[in-house]
Structure formats: C-alpha cells, structure tokens
Amino acid sequence: MSRHSGTREASRLGARLEALNDARELAGGVLPDDALDQVLNVLERASSRRSLSSDHTVVGFFGATGSGKSSLFNAVSGAEIATAAARRPTTSEPLAGVWGADGSEPLLDWLGVSKRHHSAAVPGFADDSTGLILLDLPDFDSTKAANREIVQRMVGLVDVLVWVLDPQKYADAAVHNDFLTPLATHGAVTLVVLNQIDRLPEPDVAPVLESLKAILARDGLGKVQVLGASALAGTGVDKVRAAIRHVVVQRQALSQRLAADVSKASAELAEASGTGEAAGVKAATRSQLADELAVAANVPVVVDAVSRSYRHEAARRTGWPLTRWLVRFRPDPLRRLNLRREGAKSEVNRTSLPPAGAPERARTDAAVREFADAASAGAPGPWRAAIRSAAREGRDQLPDALDQAIAGTELLAGRKSWWWGMFNVIQWLALVTALGGLGWLGVLAGLGYLQLPVPEVPRVEGWPVPTLMIAGGVVLGIVLAVAGKLVAAAAAGLRAAAAGKKLRAAVAAVADRLVVEPVEVEVGRLKSFNTALKSARRD
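Keep in mind that what you see is a predicted model, and the values were worked out from it rather than measured.

Undergrad: Requested: an account of the packing of aromatic side chains, with residues and values cited.
TA: Applying the stated criterion across every chain yields a total of 7 aromatic pairs. Considering the side-chain rings of Phe61 and Phe73, the 5.7 Å spacing of their centres and the 85° angle between planes classify their relative orientation as edge-to-face. Of this pair, Phe61 sits in strand β1 (residues 57-63) while Phe73 sits in helix α3 (residues 69-77), and the two are 12 residues apart along the sequence. Owing to a relative accessible area of 0%, Phe61 belongs among the buried residues under this scheme. The buried category is assigned to Phe73, whose relative accessible area is 0%. Geometrically, the ring pair formed by Trp99 and Phe125 is edge-to-face, given 5.7 Å between the ring centres and 80° between the ring planes. Linking Trp99 in strand β2 (residues 95-99) with Phe125 in the loop between β3 (115-118) and β4 (132-136), this pair joins segments that are 26 residues apart in sequence.

Undergrad: I'd love a proper account of the pairing of strand β6 (residues 190-194), names of residues and values included.
TA: Counting buried positions along β6 gives 5 out of 5 residues, so the element sits mostly inside the fold. Burial along β6 is two-sided: Thr190, Val192 and Leu194 and Leu191 and Val193, pointing in opposite directions, are all buried. Note: strand β5 (residues 160-165) against β6, 5 bridges, orientation parallel. Bridge pairing in β6 links Leu165 to Leu194.

Undergrad: Any details on the sheet that holds strand β7 (residues 225-228)? Residues and values, ideally.
TA: With mixed pairing, 7 strands are arranged side by side in an open sheet as β3-β2-β4-β1-β5-β6-β7. Unpaired on one side and paired on the other, β3 and β7 mark the two borders of the sheet. Neighbour to neighbour, the strand axes of the sheet diverge by 20° on average, direction disregarded. By the bridge criterion, 5 bridges tie β2 to β4 in an arrangement that is antiparallel. When the sheet's bridge partners are listed, Gly97 is paired in β4 with Leu134. In this fold helix α6 (residues 145-155) packs onto β1, β4 and β5, with an angle of close to 140° to the strand it touches most, β1. In this fold helix α9 (residues 237-250) packs onto β1, β4, β5, β6 and β7, with an angle of close to 150° to the strand it touches most, β7.

Undergrad: Account for the pattern of salt bridges, naming residues and giving values.
TA: Side chains carrying opposite charge are able to pair once their charged atoms draw close together. Under the definition given, this model contains 16 salt bridges. Of the charged contacts, one joins Lys115 and Glu93 as a salt bridge, the two residues approaching to 3.6 Å between their closest N and O atoms. Within this pair, whereas Lys115 is found in strand β3, its partner Glu93 is found in the loop between α4 (79-86) and β2, the two being separated by 22 residues in sequence. With a relative accessible area of 28%, Glu93 lands in the partly exposed category. The salt bridge involving Asp261 is made with Arg257; its shortest N-O contact spans 3.0 Å. Within this pair, Asp261 and its partner Arg257 are both found in helix α10 (residues 253-273), separated by 4 residues, close to a single helical turn. We note that Asp261, like Arg257, is buried. Salt bridges here are not isolated pairs; linked through shared partners, they connect Lys69, Asp136 and Asp139.

Undergrad: Give a description of the nonpolar core that names residues and reports values.
TA: Judged by nonpolar contacts, the single largest core of 62 residues is most densely connected at Leu269, Leu289 and Phe529. In terms of residue count, the dominant contributor to this core is helix α18 (residues 465-537) (17 residues). When neighbours within four sequence positions are excluded, Phe529 is seen to be in contact with Ala23, Leu26, Ala27, Leu31, Leu269, Ser273 and Trp383. Counting 42 residues, the second-largest nonpolar core is a separate cluster that includes Ala96, Leu108, Leu165 and Val175.

Undergrad: Outline a nonpolar patch on the surface, supporting the account with residue identities and numerical values.
TA: Taken together, the side chains of Tyr449, Leu450 and Leu452 define a hydrophobic patch exposed on the protein surface, amounting to about 380 Å² of accessible area. Positionally, Tyr449 belongs in helix α17 (residues 418-449).

Undergrad: Please provide a residue-by-residue account of the side chain of Ser67, values included.
TA: On the secondary structure map, Ser67 appears in the loop between β1 and α3. In this structure Ser67 comes out as buried when scored by relative accessible area, which is 1%. Discounting residues that sit within four places of it in the chain, Ser67 has contacts with Val164, Leu165, Asp166, Asn195 and Gln196.

Undergrad: Which residues make up the confidence of the model for the protein, and what values go with them?
TA: Looking at the protein, the pLDDT average stands at 86 and 90% of residues meet or exceed 70. Of all helices and strands in the protein, the one with the weakest mean pLDDT is α4 (47), whereas β6 scores best (96). Across residues 82-89 the pLDDT falls below 50, and counting only partners more than four positions away or on other chains, this stretch makes 8 contacts in the model. In the model, residues 343-348 has pLDDT below 50 throughout and makes 4 contacts with residues more than four positions away in sequence or in other chains.

What counts as what
Residues numbered from 1 in each chain as written. Predicted model: local features only at pLDDT ≥ 70, side-chain atom pairs only at ≥ 80, totals over all residues. Heavy atoms only, no water. Phe/Tyr/Trp six-rings, centres within 6.5 Å; stacked < 30°, edge-to-face > 60°. Helix = DSSP H or I, 4+ residues; strand = E, 2+ residues; numbered from the N terminus. Buried < 20%, exposed > 50% of the residue type's maximum accessible area, 1.4 Å probe, protein only. Pairing = 2+ DSSP bridges. Axes fitted to C-alpha atoms, helices over the stretch in contact; angles between N-to-C directions. Contact = heavy atoms within 4.5 Å. Salt bridge = Lys/Arg side-chain N within 4 Å of Asp/Glu carboxyl O. Core = buried A, V, L, I, M, F, W, Y, C linked by side-chain atoms within 4.5 Å. Patch = residues over 30% accessible without salt bridge, like charges linked within 9 Å, V, L, I, M, F, W, Y side chains within 5 Å. Areas by Shrake-Rupley, 256 points an atom, 1.4 Å probe, with all protein chains shown as cover. pLDDT = per-residue confidence, 0-100.

As structure tokens, then:
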C-alpha cells in the first residue's frame, strides 16, 4: 500500500473514531452505561494503538488445548524461536517473535508481553525490515482463569488473529460462539488454520475444510481465508507464512483491525439505541400545548376580567354623572386578581388567581404528555424515554412560571380610550344644560311665588326653552350612557382580544422555555447521534 493510501486510510479511520466518540458522548444518560463503556474501551484501545509503532504488525496465534498452536507458531517462526519456545513446558504467558526490533519495545510493553525473542530472518517470510511481531498465546480453553483473561485481552489488542483449529474440535461451540461469531466484522484481519491435517486420511482433508468453511460462513466469516496445515509434517506451513506475509506487507492490518473494531462498536451501539428519527416539534403541537397551558393557567379568566375591567372603567368615566358614582362601589375585576398595579416588577409579580387544583394539574400533565408523545414519535425506545423525560423536567415549575408570566404581562389596563374624554365632556354639558333648565324654571317659580313679575319664557315650537333644556339634558345623558355601554362593549372585546394574544404569547414563551426547548434539545441530540453513528459505521 502506498504512503498516500496509508495516510488516506488513517485519516478516514480518524474521522470514524471521532464520529464514534461523538455518538458515545451524545448517548450519555440515554443508553446503558455498559454499552457506552464498551465503546469507550474501543476508543481508548484505538488511541493507544495508533500512538505506537505503525511499522509493526502484531499477529496473534489463538487455539485450544491440543490444537498444536505452539507447534505451528514454532514452524512458522523458524528454528531459533522454536528452540527458545521448546524450553517452555506450557504456553502460560505470551511469547513474542519479533522481526524488526526498532520501535517494537513500547508496543510490546503496551501488549504486556515480557518474553520477547528477536528472531533471525526467515527467507521469503520475514526479516528486520518486515516489522512483524508473532505472538504465541495461552490456550483459550485453559483451566487457569489468568490464561483465559490474557487471551480475552489479546483478542482485543492484536492486529491480526490467527485461529488454529484441529480436526477433532474444529466445530467446537466454545471457539465459535465465544470468539469467532462476535468477531464477524473482523474477517479482513482473521486467518483460520486447520492444523494437524496429517491425522486425516487424504480423501477427508478437503471435505473437512469445506465443513469448516461452512461453519465459518454461518458465523459471518464466509470470506475468511481457511488453510490446512501440519506443523509436525510441515505441510501447508509455507501457505500460512505467505498469508501472514501478505497481510504484513500490505501495511493495512492496523487500520483494518481498528476499523473493524469501530464497525463492531457502532453496530452494538446502534443495537442498544434502536433505529429511527423523532418526529420533532411541529407548529401545530406547539400551538396546542400553549393553548392547553393557557386554559390550565386561567388565561380565559384573565381575558374576561380585562373585558369587564374596561367596561367598569368606561362606565365610571362616561356614564351619566348622577349615577356613575355608584360604579365606584363595584370592585375592579383586574384589581381583584392583583393584575392592575402600577410600577411593580414583573419578576416578583404574582396574581390572585386560584391556585392550580387537581383538574388544572391533570390538564397540564396531559398537555405535556401529548406534546412529548407527538415529538418523540418514531424515535427508538431509549430516546423516546429521554424526550419524554425532558418534557417532564420543567413540569413542577410550570404553575409558578405561568402565574408569573401572566402577572408580568402588560394588559394595558390603565390606558384611557380617546372617546372617554369626549363622552365625559358631553355628559357634563348635558347635565349642566338640564340643571340650567331646572334652575331657570326654579327662578320663574320663585318669582311667581313671590308675586313678582314673571318674564316671558322663550319657546321653540311652543315648548318652553327651560323645559327643553331639562328634557334634552336628561335624554342626552341617558342616550350617551347607553351608547357608551355599547361602545365600551365593543372596545372591551378588542382590548380583551389583544390581552388574550399577549397572555397566550407569554404562556407560549414559558412553554417553550420549560417544555419545548428541552424536547428540541433531545430531538436534536438524537439526530446528531444518528448522524455520528452513520459516519462511524461508514466503511
């Protein structure tokens, strides 16, 4: 592989690792900790391995007791390492055969391999320029727990996995269920060797290999290279060496191994999450939530109070002067709700509306639940729960926040209408006219009573002017009072509508802050998670 291709592969792998980490962070608090910890382990292993020698390929030999794994390791490695290995009575700890010592020590330290053999060149296989580390590992079915732990750890660390099976136990469920099937994504860095084929009759070798390939295909490893060999007879050893050398000289094993780890971790994370996107927040459901909360927060009561307060004030200012004073004895509806105050700070304002009872709380809970259900529709189970939980987080704050929002809304209760002054002036003119006519007639009556000359009263169409003044003043006052009520009713409706719009906007702002925005955050988090996971899974 060219240096340019290697750089491109490393860059692509880096992007996938970054995307996987983004997905893990986004899923925090939503997906189970076990699933996230597994992803974190993959990321930490990848980071550590990438910081070590990229010029070395680590190839691990794995096998069960009696499979001839160590014998095959010796046969592949050459005579000198075989001599070193022969002094070990059993494979109880990893042994490394190293071709190309420079830069290998930190990598072997990270692997935890203390027994190292700097091997001589094997013609056609490896020399100091190859950068190869062969590991002979303990048996994966060892009765010693420490040995099994070493194998489990090495399965996650080596660049290339060579599984050494034997004709008697090649179909053993332990190796397939515990190792091969879980590593189905690692086919590109997996080699399977059926050792000890010298124990089979010649006609049975091919059928047994075909049987092994069929089992591997069921494990998801149908494309894995399967070789037959005999460490004792030397049969097939050259093919095993050639297969390992091919992987090593390509210089892709490290990237392929880590890419397979990312694919596996991404698939497991996707399985823990489930698939799907949330429907998200729609304008209709957002509006419905605000409307339901407005009703639960007694906004209709306040709107009605605005209307009645306006009519109350209009009657006090434009009614017939002789009776309008009676209006003062009726309390202003907005003042009764503590909503007609001047100069109060909105952040400490509170209304005198009745506290939310069971029906209002039930309505609020139902509105929040329906909104969350609509927004989370289509989301996978864990994310749907997270979205619903986000919607409920601010539920306890809603009653007080809504009351404060209503109390802080400018209802224009103190604003005067232009027609009040005009009606008031005319009302007083009408009253003065009526009183003037009444006074005129009183003077005339007094003169007559005192037997004094009574001047002639001007007439209009035969009607005395004083009488017309009284009648006209009274009638005008009554007409103005009735007209004022009609105009006030219409104006009150407009002012109530404007107040209702402002109140609903205030309620909607509270709903956005305590319910909608947290839900949008979770919906956006799911979308970002799916995007990151898709990038991480992209091969």
